[in-house]
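# Structural description and commentary
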Amino acid sequence: AIIALAVAGATVPARGASTLEPYQLVRSLQLVQDRVADGDHAALPMQRKILELIDARLLDSAPEELSESRNFRALMIYAMSGGNPDTISKVLSGLILEDREARFGAGLIQYTQGDLGRASAALKEIEPAELPDDIGSVLALVKGTLLTNHEPERSLEYLDYARLSGPGTLIEEAALRRALPLAVEVNDPARFVRNAEQYVRRFLRSPYASQFADAFIAGVVGLHDTIDLDRVVDIIAGMTPEQGKVIYLRIARQAAIERIGSLLAFARKGLETYMAGAAEDDPR
């Protein structure tokens, strides 16, 4: 029902959304986000609309309503899903919370405001495994993101937890995509290839797949000495012909810039089938 409201326009949601509990609105948001992960690009504006609905609903909620466990979890998920930092701060300031919930809320306010150091400190003792999967998977993605620059191995552990506890969701899509540069950083070609294979099988139609492509190309170049290029061929074969051609072209370009002869030869060989029938004057 809320999906229909989101598409209908600004006047209907103002009346219809107010009859739904915050946790129901946030569940609708998650369902739409799963459609985004599955390649439904039309769901992107729907996602923005539902975020607006949740924002208005939270501001209109009484403290006792948001203190209820399902609605408080929904508030936390909203905060970790692109919610309005001002709304989150205002709503949380009106709640009386236990110590862990207070630290959780403070950490997420700092996260949404871009204060990653303080956010990481506030969330340090709150483990995703201690929470229900609906919120634990999102927290794991946040903590994995917070630790990216300082503890890549630990970051990868959280990203693994996020994707395993949120299979088929936008959480898994983001976790797999964000794990690729970290696998390069810790020099783990097996993990890199495994995560890339999983992404191509499940999320190649995601609107964020271009970010995956960037990370994949950079990883193949960065790990060229140790990566199993036969598996790279298999991964690219799982893409559409146009996607595969572009990937090989971009690998070839980067290999030429960095003067990696073996990788350039690999990319040229991979391009042979894709470029059959291309015009002789095609500069590629």
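Look above for the structure.
Residue indices follow the written sequence of each chain, beginning from 1 at its first position. Per-residue local features are limited, in this predicted model, to residues with pLDDT of at least 70; the limit for side-chain atom pairs, both in listing and counting, is 80 or more; totals at the level of whole chains, interfaces and linings are taken over all residues. Excluded from the side-chain calculations are hydrogens and water; all other atoms, namely the structure's heavy atoms, are used.

Turning our eyes to something else, we now look at helix α9 (residues 116–123). Among the residues of α9, those classed as buried are Ala119, Ala122 and Leu123. Taken around the axis of α9, the buried residues stretch over an arc of 90°, which confines them to a single face. Facing away from the buried surface of α9 by more than 90 degrees, the exposed residues are Gly117 and Ala121. Relative accessibility under 20% of the residue-type maximum defines a buried residue, over 50% an exposed one, and the middle range a partly exposed one, all with a 1.4 Å probe and only protein chains included. Counting from the N terminus, the helices are the DSSP runs of H or I reaching at least four residues and the strands are the DSSP runs of E reaching at least two. Of all possible arcs, the one meant is that of the directions from the helix axis to the C-beta atoms.

With that out of the way, let us pick up the environment of Arg103. Mapping Arg103 onto the fold places it in helix α8 (residues 99–112). When its relative accessible area of 28% is taken as the criterion, Arg103 is described as partly exposed. Here the alpha-carbon distance between Arg103 and Glu125, two residues 22 residues apart in the chain, equals 9.1 Å. We call two residues in contact when some of their heavy atoms are within 4.5 Å. Discounting residues that sit within four places of it in the chain, Arg103 has contacts with Ala122, Leu123, Glu125 and Ile126.

On to the nonpolar core. Burial of nonpolar side chains together is a common tendency in soluble globular proteins. Counting residues in hydrophobic clusters, the biggest one holds 84 residues, and the most contacted among them are Met76, Met80, Phe104, Phe192 and Phe216. With nine residues, helix α12 (residues 170–185) is the largest single contributor of residues to this core. With sequence-adjacent residues up to four places away left out, Phe104 is seen in contact with Met76, Met80, Leu123, Ile126, Leu131, Ile135 and Leu139. Nonpolar cores are built from buried Ala, Val, Leu, Ile, Met, Phe, Trp, Tyr and Cys residues. Side-chain atoms within 4.5 Å join them into one set.

The next point concerns the side chain of Thr169. Inspection of the secondary structure puts Thr169 in the loop between α11 (152–165) and α12. Note on Thr169: relative accessible area 16%, which makes it buried. A distance of 3.2 Å separates a polar atom in the side chain of Thr169 from the backbone nitrogen of Ile171. Polar contacts, as used here, are pairs of N or O atoms within 3.5 Å; protein pairs need one atom able to donate a hydrogen and one able to accept it. Residues neighboring in sequence count only if both atoms are side-chain atoms.

Only the six-membered ring of Trp is used, alongside the rings of Phe and Tyr, when aromatic pairs are assigned; centres must lie within 6.5 Å, and planes under 30 degrees apart are stacked while those over 60 apart are edge-to-face, with the rest tilted. Per the counting criterion, the structure on display carries six aromatic pairs. With centroids separated by 5.7 Å and ring planes inclined at 20°, the aromatic side chains of Phe212 and Phe216 adopt a geometry described as stacked. Linking Phe212 with Phe216, this pair stays in helix α14 (residues 209–222), spanning four residues, or about one helical turn. Assessed through its relative accessible area of 2%, Phe212 is described here as buried. By relative accessible area, Phe216 is classed as buried at 0%. Among the aromatic side chains, those forming a connected cluster through ring pairs are Phe192, Tyr199, Phe203, Phe212 and Phe216.

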